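# Secondary and tertiary structure notes
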Amino acid sequence: MEEDQELERKTHGLKTSVAEGERKTALEMVQAAGTDRHCVTFVLHEEDHTLGNSLRYMIMKNPEVEFCGYTTTHPSESKINLRIQTRGGLPAVEPFQRGLNELMNVCQHVLDKFEASIKDYKDQKGKQK
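Please read all numbers here as calculations on a predicted model, not as lab measurements.

### Points about the environment of Met58
Locating Met58 in the fold gives a position in helix H2 (residues 49–60). In this structure Met58 comes out as buried when scored by relative accessible area, which is 7%. Apart from the residues lying within four places of it in its own chain, the contact partners of Met58 are Gly99, Glu102, Leu103 and Val106.

### Thoughts on the pairing of strand E6 (residues 79–86)
Only one face of E6 is buried, namely the one carrying Ile80, Leu82, Ile84 and Thr86, since none of Lys79, Asn81, Arg83 and Gln85 on the opposite face is buried. Here strand E4 (residues 39–45) runs beside E6; their pairing, made up of seven bridges, is antiparallel. Each bridged residue has a counterpart across the sheet, and for His45 the counterpart in E6 is Lys79. Across seven bridges, the pairing between strand E5 (residues 65–72) and E6 is antiparallel. Across the sheet, residue Phe67 finds its bridge partner in E6, namely Gln85.

Conventions we followed
Residues numbered from 1 in each chain as written. Predicted model: local features only at pLDDT ≥ 70, side-chain atom pairs only at ≥ 80, totals over all residues. Heavy atoms only, no water. Helix = DSSP H or I, 4+ residues; strand = E, 2+ residues; numbered from the N terminus. Buried < 20%, exposed > 50% of the residue type's maximum accessible area, 1.4 Å probe, protein only. Contact = heavy atoms within 4.5 Å. Pairing = 2+ DSSP bridges.

See below:
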């Protein structure tokens, strides 16, 4: 019971998003009956291969992760099922959160470099005139 509350607390910030004034679930956790917290499927709504493949890559870099894979449910649905299975006592939600944070850091780094390059380009064009 205590583990359920801890897991709920960790994923609370990930679960909801606001779209056009209405709350909707952006993330679901699915566990088969009788399984532990080391093997979980996360259903991410309104997402596709762009997030699925890059998040899978970031999560698989963690040596405690035994398996991570994703599928799209159907081409006409925009949701993915991301399955994580960990070794030892690590709950699957931890590498999921870590993977999301690392992916955000990588994206921020790319954006910073891109914006710096644009600034440099504009500065060089301004000096040539």
